[in-house]
Each structure stands twice: as structure tokens, then as C-alpha cells.
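Single-letter residue listing:
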Amino acid sequence: MRARAAVATVLGPGGRTVVQRLASAPPLTLRQTGPYTVHLVSTAAGPLGGDRLALDVAVAPRTTLELGSVASTLVLPGEGESEMLITARVGTGATLRFTPEPTVLAAGCEHRLLVRLTLEPGANVLWREELVLGRHGETTGRCHARFDAIRDGLPLLRQEFTVGDPALDTSPAVHGSARCVGTTFLTAVAKEPRVADGVAVLPLAGPGTLVSALAADAVGLRSRLEWGERTTINGDDSVAFGGDGPVPGLQ
Amino acid sequence: MHPALLLLTDSRLPAGGHAHSGGTEQAIASGAVHDVPTLAAFLKGRLHTAGAVTAALTAAACAHAASTTTAPITGTPGTPLWGRLDAEVDARTASPAQRHASRTQGRLLLRVARRVWPSPVLDGLAAESPNPHHPIALGTAAHAAGATPEEAAMAAAYHAISGPATAAVRLLGLDPVAVHGLLATLAPDLTAVTAGACRAAVHQDPGWAALPACSAPALDLLAERHATAEVRLFVS
Amino acid sequence: MGANHDDHHHAPDGHDRALRLGVGGPVGSGKTALVAALCRTLGRSLSLGVVTNDIYTTEDADFLRRAGVLDQERILAVETGCCPHTAIRDDIAANLDAVETLEHRFGPLDLVIVESGGDNLTATFSRGLADRQIFVLDVSGGDKVPRKGGPGVTTADLLVINKTDLASMVGADLGVMARDAAAVRGERPVLFTSIRQDPTAATVATWVANEVWSWPQPHHPAPAA
């Protein structure tokens, strides 16, 4: 299955955001759920092996878009590799909050998840990605994720992550025995690096921050990422994060 | 193989590398690495993530140094774009502690390389970037010493595991022969990482955007935890 | 292949930078106390910097900072990766980097003291790092130590034997130590001291001051002939 969905904002009268374009392409179905909020609604299982899905996001200068999903994305095996390509452009003074539910890599899947994020100066972005390595009690499928954020023509963050290579999956250098791996990229600049159980707040060399977290389950992962996001945005988070116990293999 | 590669990869190269564990000290402190099998898993993961990235960037730096010093038949040597390559390393190194360790090792290696293999390309790098990231310093030093980008990538990949392996021997009192045996079993991985690095790096100069960017979340966490540790024996 | 002559920190004659003094010796012999004493005694007349090579991170540096003998910023700590002797002898890169950082921030300096991590009798400073070196022993290690020799005892520019106040308690014969040291050191000086009794380490400080004043530097021109 090939599908290309798109969402775009424009600046309306009085400085309001108007969701001007909302192009669904099953299984990528988009629903506007608020003045500047859009949710991805799955209308078919998958992606399945062989699917090529693309989502284009354009946030016009000085507008706001919040993009979420109503449920987790379950990536399933099929004929060959599946691919999800998200291309987002965020204009000057615009705000994009991208916080979908986790991507679950079912056993046997072969997935590629590509994000290309282009930021104009003064763009505000919070971009969260969560991977769950297999459903409950299941070994993980394979996934290759790549994230490239370009700001003002210069690379701000480039990250790849590979799941499903048995030789690397259990390495204490990569993610140990954690079953959930996630990051949040923010254009907000954390005052200083912070580290707590299974989560680190990493100020980038350029204007931005990466929150990187590992956890045993999706709930733990989310709370760790949210702690990192709060710490980045609010500055010092004086309440130390306790988490839900140590990450296996990474105490 | 160019003999200079032996000097560049020798742990006795006096460029400060002996005091870096690349996250191993914290991995040991956390209990994640405690014997030869867990060290093997750690090193393999490190090699295929941080090692693959640094090998590609080192090959890119070596190829770039060559392109700026050797005039192609049809043209003149180009002006080095060290700042652009530096930004590519920064973008692939989310952890501030790892960026700091990389620049510290790069600065010390550049200092040594300028005395051991004096060359305009190293002087030019030092003038433009006194604190270069380690792969940029290593790739440029390899070129100054006469090595190829492939050899530079191999040196970088080996550097990504040899220092951490030695740190584990010192910290855990592991049998050094067992650990060297482990390094020997990683030879096919070194070959594969080197080949991948060169495929990506050599023919794209200076189109570095697509170079590998493999992240290792656990290494990021370990690096930041190490930076705030009360007690530490290694710089990184 | 030759030295890179535009890198002034490596000028072979040392005419354009501070004297670099290594202070080495076994664990517990009083290296840090001696460095603190030298800072206390020389800090008012000389511009100083200190680099510590503690086994565990910054303990010695913290001790010196707490002692208040020198501005905190003038004390840098170097991690040695479990190998204190490697950091001062085989791979001096991190120490040179720290020395040059101090010279860059606070220069021109008169004296940079590099204190090694506590090590064994074979640990000495590379001549690429230290222009002069002091080896510190204490009497409680036993009066046989000078006789045993080793590169630190035999080749250091100054041998300091500390904690003389404990000699009678540990049964150490200072005369034997002096005789044995002279036998392996020839003309090179040996000083006995007790930094507990003399927190200024006056005799050692005098020796160091003489070395600094005879070290040709642009801001300390040798007296005109």
C-alpha cells in the first residue's frame, strides 16, 4: 500500500492558526480535533511489510500545530520492508508539537521510520518518538529509524537507531534489556545536562535539546520523557525523578 | 597497510587516550559490565554505534584532507570545510559529555600529530579549529601520516573499542589475554564497520549529511552519569 | 621529522614559559602537603599554577582548594585512568594540556607545579612535562628506602624526606637515610623536613625559588652581566 497524507497550517485573520489542508490517505487518516490540533486515526492495520507511507507537515510562520495519534501504531510483518517517511517544515515563529502514541514493533516486522525536520529560525518544536520492542512477551521486529533536524541550513541533530539485530539489542552500550526506547527533540534549550534513572537531558551543540530515555515498559518510558521535557522547558526540576525502578541492565 | 596506522592505533600513542574509557567505567559502576561476556556485548554494541559513526567521520575527514591538499588534474585544491564537518560531528553527538571528551581527545591528538607528522593540513586544521572533534583530528592526522581514508576508518573503529577494553582490564582485573582474545573475535566486525564507513564517506566528500548517525542511548546516559560522578578514574 | 617549532610550549630551551616542577613520590609521603606549603610560601611572590593527578578524580585538588593556599581557578585536576605513572611519563598529553590551560588563563606564570598521583619508586616525570622534579619520601616507609633507590630516588633533582618528626617513633635512622641517599644520588641535593612542624617547608621553598629565579623567562630577565 502506498499512501501520502498531508497537513498544513496558514495564518488566519487576527493571527489565528487555520488548518488549511488536511489530506488523508488511508491508512493515514487525519482528523482535526481542536482549533490547531490534528490526530492521526488509523483506518487499517499496519503499516504492513511492503507499505510506503508518507506524511507531510507544513507549519506556516507564526502558526501552531499539535499533532498526535489516537492509538499506538502497530508495525506488522508482510511482503518486504515497510516505510514511514515524515517530512516536516516549521516556519519562523511557528510551533509544532508532535506527540503520537508509541510505535510497536511486532515480531517479524521490517520497518523504516524516517523523519526530516526543517526548521526556520525561531521555530519551536517538541518532537517525541517512542518505540516499543515487540508486543507483550514477544521478540521485537526489525526497525531502522533515522531523524534529521536541519535548522537554518545547518544540521542540528542527526540520529539513527536500529532495533532487531540480536547481536546489538542486548548490548549494555545500546539499550541493554530495556523494552522501550524513546527520544524527545526540543528546540527549547536545557540549562544544563541532567541525568536520572533511565533518562538523560542532553543540551545539543546547537540550539536544542534531546531527551533520551530507556524503560521496561511504555508507561515508564513516557514518564521519563515527560520528566526530561519538563526539565528542559521549565529549567531546574527540583523534584528528583524516581521513575519506576531501575532500568534492567542499566542500574 | 601504511605503517603509520600502527603508530596511530598504538595505545602508547601519547595523546591522552589512556585516560578515556568511553563509558566503560560507568557501565562497570552500574553493574552492566562485570565479566568478559558482558564486556563483549558492550564492545560490540559500542563498535556498531559510536564506532561506526566515528569511523565514517574519520574517513570523511581523511578524504577531505586529501581533497584539499592534492590538486586534481583538472583543478586546484579546495579550501577545507572543517567547520561544516565539525557541525556534522556535533549533530551526531547529542551528549555534551561525549562532545567534550571528543574535543579533548581531538585537541591532544592534534598536538601530538603536528609534532610527529608536521604538515600544512594539520596546521590549517589547528588554525581553524583548535579543539577539533577526535574523528576530524584522527582523519587529518592519518592523511598527514600517509594513510588512506579506509585505514583511517579502521583506526577509528579500533580506537572505539581498544581503549574501553583496556579500561575494563584495569577496573575489573580481567584476564588481559581473554580480553585480547575478545578483541580478536571482533575482527570481522571491525572490517564490516570500516567498509560501511568508507562506502558512506569517501565518495561523498563533502556531502556529509547522509553519513551514519547511529545512536546508542545507553552510552549517552553512561557518559552523562560519568560526568557527574563523585569518584572517577577515567576522563570519560 | 622534527619538533613543531611554532608551538612555543615545546621550545626546547624553555625561555618563554614558566618553570614546570614535578612533585612525585609514594602514596602518603606528603606530596599534597608539600605542594600546599610551597603555594603558601611562594604564592605571594610568584605567580603559580597547580595541576594534580589524583587517582580518584579531584581529591587532592579539593584539598588544596580547601587549604585556601591558591585561587581555586589556578588548580586543575587531571584524571589518569588508573595509571598515574602513565600520565606523567609515557602519555603526558593531558598534563601538558592542563599546564598550558593554566598558562593561557593566568599567564605569564612563574611556576607550574604538577603533583603526581601516589605511585611507586619507579615513577618519574617525563622531561617533556617537568623541567625539574622533586621526589618525596617519608621516614615511616622505613630508612631502607633510599638504599633501594629506583629512578625517583636516584634521578630527581631534589629528594625530600618528610615527616622527620616521626623518625624516632618508627625507628628510622636519618643518618642512614642521608648516607644512602648520597650514595645513590651523588651531588644531587637531599632535604629533610617535617611539614607538620614547618608548614612553610622553608628549605624546600628556598630550593624551588632558586630554581625559578635561575630559569630564564622573558618576565624574569637574568641580571645584566
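Residues numbered from 1 in each chain as written. Chains lettered and ligands numbered in written order. Predicted model: local features only at pLDDT ≥ 70, side-chain atom pairs only at ≥ 80, totals over all residues. Heavy atoms only, no water.

An unreviewed UniProt entry lists chain C under the name Urease accessory protein UreG, with Nonomuraea jiangxiensis given as the organism. According to the UniProt record, the Subunit (unreviewed entry) comment for chain C reads "Homodimer. UreD, UreF and UreG form a complex that acts as a GTP-hydrolysis-dependent molecular chaperone, activating the urease apoprotein by helping to assemble the nickel containing metallocenter of UreC. The UreE protein probably delivers the nickel." Database annotation for chain C, UniProt heading Function (unreviewed entry): "Facilitates the functional incorporation of the urease nickel metallocenter. This process requires GTP hydrolysis, probably effectuated by UreG." (UniProt positions renumbered as here; feature names shortened; annotations may be inferred.)

Within an unreviewed UniProt entry, the label attached to chain A reads Urease accessory protein UreD, and the organism entered is Nonomuraea jiangxiensis. The UniProt entry for chain A carries the following text under Function (unreviewed entry): "Required for maturation of urease via the functional incorporation of the urease nickel metallocenter." We quote the UniProt Subunit (unreviewed entry) comment for chain A here in full: "UreD, UreF and UreG form a complex that acts as a GTP-hydrolysis-dependent molecular chaperone, activating the urease apoprotein by helping to assemble the nickel containing metallocenter of UreC. The UreE protein probably delivers the nickel."

Caption draft 1: Representation of the pattern of salt bridges within the structure. Enumeration over the complete set of coordinates arrives at 31 salt bridges over all chains. Measuring nitrogen to oxygen at the nearest pair gives 2.6 Å for the salt bridge that ties arginine 132 of chain C to glutamate 211 of chain C. With arginine 132 of chain C in strand β5 (residues 132–138) and glutamate 211 of chain C in helix α9 (residues 202–213), this pair connects stretches of sequence that are 79 residues apart. Judged by its relative accessible area of 18%, glutamate 211 of chain C is buried. Here the salt bridges share partners, and the residues they tie into one network are Arg146, Asp148, Arg158 and Glu160 of chain A together with Glu88 and Arg92 of chain B. (Salt bridge = Lys/Arg side-chain N within 4 Å of Asp/Glu carboxyl O. Helix = DSSP H or I, 4+ residues; strand = E, 2+ residues; numbered from the N terminus. Buried < 20%, exposed > 50% of the residue type's maximum accessible area, 1.4 Å probe, protein only.)

Caption draft 2: How the structure looks around the nonpolar core. Leu39, Phe42, Leu43, Trp82 and Leu85 of chain B are the most contacted members of the largest nonpolar core, which has 64 residues in total. Among the elements that line this core, the one with the most residues is helix α3 (residues 36–69) of chain B, at 14 residues. Residues within four places of phenylalanine 42 of chain B in sequence aside, it is in contact with Ser171, Pro172 and Ala173 of chain A together with Gly22, Gly23, Thr24, Ala27, Val33, Leu219 and Leu222 of chain B. Core analysis: the next-biggest nonpolar cluster, separate from the first, contains 54 residues, Ala5, Leu28 and Val181 of chain A together with Ala94 of chain B among them. (Core = buried A, V, L, I, M, F, W, Y, C linked by side-chain atoms within 4.5 Å. Contact = heavy atoms within 4.5 Å.)

Caption draft 3: Examining the environment of glutamate 211 of chain C more closely. Remark: the alpha-carbon pair of glutamate 211 of chain C and valine 160 of chain C, spanning 51 residues in sequence, is separated by 15 Å. Aside from chain neighbours lying at most four places away, what touches glutamate 211 of chain C is Leu19 and Arg132 of chain C.

Caption draft 4: Region of interest: the packing of aromatic side chains. Residues and elements named next belong to chain A. Scanning the model with the defined rule gives three aromatic pairs over all chains in all. Between phenylalanine 147 and phenylalanine 185, the ring centres sit 5.6 Å apart and the planes meet at 50°, which makes this aromatic pair tilted. Here the residue phenylalanine 147 occupies a position in strand β13 (residues 142–151), and phenylalanine 185 occupies one in strand β15 (residues 180–186), the gap between them amounting to 38 residues. Residues phenylalanine 147 and phenylalanine 185 agree in their burial class; the two are buried. (Phe/Tyr/Trp six-rings, centres within 6.5 Å; stacked < 30°, edge-to-face > 60°.)

Caption draft 5: Local environment of the pairing of β13 of chain A. Residues and elements named next belong to chain A. Across ten bridges, the pairing between strand β11 (residues 110–119) and β13 is parallel. Paired with leucine 114 across the strands is arginine 146, a residue of β13. Bridge count for β13 against strand β14 (residues 154–163) is nine bridges, and the pairing is antiparallel. Across the sheet, arginine 146 pairs through a bridge with glutamate 160, a residue of β14. Between β13 and β14, which follow one another and run antiparallel, lie two residues, and aspartate 152 among them has a positive phi close to 55°. (Pairing = 2+ DSSP bridges.)

Caption draft 6: Geometry of helix α10 (residues 187–201) of chain B. Residue and element names in this part refer to chain B. An ideal rise of 1.5 Å per residue puts 21 Å on 15 residues; α10 measures up with 21 Å between its terminal C-alpha atoms. For α10, the full list of buried residues reads Asp189, Leu190, Val193, Thr194, Ala197, Cys198, Ala200 and Ala201. Here the buried residues of α10 occupy an arc of 160° about the axis, which is enough to place them on one side. Those residues of α10 that are exposed and aimed more than 90 degrees away from the buried face are Pro188 and Arg199. Residues of α10 that are buried make contact with α3, α8 (149–172) and α9 (176–185). (Expected span 1.5 Å × (residues − 1). Arc of directions from axis to C-beta.)

Caption draft 7: Broad picture of the sheet that holds strand β1 (residues 2–11) of chain A. All names here are of chain A. A sheet is described by the order of its strands in space; here seven strands give the open sequence β2-β1-β5-β8-β11-β13-β14, paired in mixed fashion. Of all the strands in the sheet, just β2 (17–23) and β14 have a single pairing partner and so form its edges. Ignoring which end each strand starts from, the neighbouring axes of this sheet average 10° apart. Direction of pairing for strand β8 (residues 82–90) relative to β11: parallel, over a ladder of nine bridges. Within β11, the residue paired with leucine 85 across the bridge is leucine 114. (Axes fitted to C-alpha atoms, helices over the stretch in contact; angles between N-to-C directions.)

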